[in-house]
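Single-letter residue listing:
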Amino acid sequence: MKTKVGFIGLGNLGTPIAQNLIEAGYHLQVYNRTASKLDQLDQDAITRCASPAESAEGAAFIVTVLSDDNAVREIITKDDGILKTLPEGAIHISLSTILPETAKELDALHREAGNYYLSSPVFGRPEAAAAKKLWVCVSGSEDIKAAAKSLLESTSQGIIDFGEEAGAANVVKLAGNFMIQASMEMMAEAYTLAEKYKVDRTKVADFFGSTLFNSPIFKNYGKMIAEKDYTQVGFTTQLGYKDARLVFNMSQQSQTPMPFIAVIHNRLLSALAKGWNERDWSEAISRGVTDDAGLG
């Protein structure tokens, strides 16, 4: 029999992850607030669920790909939440980008209920998820990580272990998203400076992306920013701002001076004020720079 896996969250990232799990042979019990999104999946490989609790019933694992701390907390704790039905010993694999303190809180709730929580935030845009090229950061107890390994391998190119502390992987994820945002700001400023001096910004991006900064961030986001092509929305400005806000709060709580996060926070807040909530976060940062430079 196919392993039953609960699945909650069919957003831009969640949908290709769900498709990968189906391809790997899992049967998904799927709940999503917008039920029509389930139409994108192989109907023979899923059970449509009317609530988070129904999605978790009888499942060995439940995977959640949700937008923020409150969304994850709600599907666990509300009256029709997953803890009402998740079997003893089952594992909740959370791919969401949330605060480490929230992960610790949720880990404790699961242990009280007799099941387990695994922090598993991922790096990669939707196209990377579709190609099974995500990077997964995990933290939690060793036996739970071992049990979840095969499932996570079916949608990723690598799993990186950051120890047994529930929130450790979330620290890494938020630190990484900050680094991506700072890199986008840096590229937007550099390429805009080149444009001001009438140097082809796409040629500058090609040069740096293939030499000094030869990495996926500078190749992929660099190309989008240089060409000002934001047609594919992989990660929205609203979610990017949420992450910047979380990093800013963490820096304050831990007394870690992070001047650049203030720049990113304000850049994305300005984009939200302009109504760019659903645009790609690279557009919010890049257009903010070009607008400031009078090149809008």
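Residues numbered from 1 in each chain as written. Predicted model: local features only at pLDDT ≥ 70, side-chain atom pairs only at ≥ 80, totals over all residues. Heavy atoms only, no water.

**Student:** Help me out: how do you make sense of the overall build of the protein in this one?
**Tutor:** Across its full length, the protein carries twelve helices and nine strands. In terms of C-alpha radius of gyration, the protein reaches 20 Å, essentially the compact-globule figure of 19 Å for 296 residues. In terms of overall dimensions, the protein has a C-alpha envelope of 65 × 45 × 35 Å along the principal axes. For the protein, buried positions account for 50% of its 296 residues. In the protein, the proportion of contacts linking residues at least 24 apart, taken out of those at least 6 apart, comes to 67%. With the model as given, the accessible surface of the protein reaches about 13600 Å², and the carbon-plus-sulfur share is 53%. Treating the 29 positive side-chain charges of the protein as one cloud and the 36 negative ones as another, the clouds have centres 6 Å apart. (Helix = DSSP H or I, 4+ residues; strand = E, 2+ residues; numbered from the N terminus. Rg over C-alpha atoms; globule rule 2.2 N^0.38 Å. Buried < 20%, exposed > 50% of the residue type's maximum accessible area, 1.4 Å probe, protein only. Contact = heavy atoms within 4.5 Å. Areas by Shrake-Rupley, 256 points an atom, 1.4 Å probe, with all protein chains shown as cover. Lys, Arg positive; Asp, Glu negative; His and termini not counted. Charge placed at Lys NZ, Arg CZ, Asp CG, Glu CD.)

**Student:** Honestly, the packing of aromatic side chains in this entry has me stumped. Any pointers?
**Tutor:** The relation between two aromatic rings is expressed through the spacing of the ring centres and the mutual angle of the planes. By the definition in use, this model includes five aromatic pairs. Ring geometry for Phe207 and Phe208: centres 5.0 Å apart, planes at 50°, overall tilted. A relative accessible area of 43% places Phe207 in the partly exposed class. The exposure class of Phe208 is partly exposed, given its relative accessible area of 26%. Ring geometry for Phe235 versus Trp281: centroids 4.6 Å apart, planes at 65°, classification edge-to-face. Note that Phe235 is positioned in the loop between helix 9 (216-227) and helix 10 (237-253) and Trp281 in helix 12 (residues 281-292), a separation of 46 residues in sequence. (Phe/Tyr/Trp six-rings, centres within 6.5 Å; stacked < 30°, edge-to-face > 60°.)

**Student:** I tried to follow the pairing of strand 6 (residues 116-119) on my own but got confused; where do I start?
**Tutor:** It is a general feature of regular strands that their side chains alternate between the two faces of the sheet. Pairing of strand 5 (residues 91-94) with strand 6 involves four bridges; the strand directions are parallel. In the strand pairing of strand 6, Ile91 is matched with Tyr116. With respect to chirality, the unit in which strand 5 leads through helix 4 (residues 100-113) into the neighbouring parallel strand 6 is right-handed. (Pairing = 2+ DSSP bridges. Right-handed = clockwise from strand over helix to strand, strands pointing away.)

**Student:** What is the right way to read the UniProt feature "domain: 6-phosphogluconate dehydrogenase NADP-binding" (unreviewed entry) in the protein from this model?
**Tutor:** The residues that UniProt annotates with the feature "domain: 6-phosphogluconate dehydrogenase NADP-binding" (unreviewed entry) are residues 4-159. In this annotation, residues 4-159 is assigned 35% helix and 23% strand; the end-to-end C-alpha distance for the span is 22 Å. (UniProt positions renumbered as here; feature names shortened; annotations may be inferred.)

**Student:** Help me out: how do you make sense of the layout of surface pockets in this one?
**Tutor:** Regions of empty space are outlined by a rolling probe, equal in size to a water molecule, passed over the atoms. Here the second largest pocket defines a volume of roughly 210 Å³. Going through the elements one at a time, helix 4, helix 7 (168-196) and helix 10 are the ones with two or more residues in the lining of the second largest pocket. Taken together, the residues that form the lining of the second largest pocket break down as eight nonpolar, four polar and one charged. (1 Å grid on protein atoms, 1.4 Å probe; cavity = no way out; pocket = protein on both sides within 12 Å on 5 of 7 lines; lining within 4 Å. Points joined across faces, edges and corners; volume = space filled by probe spheres on them. Nonpolar A, V, L, I, M, F, W, Y, C, P; charged D, E, K, R; others polar.)

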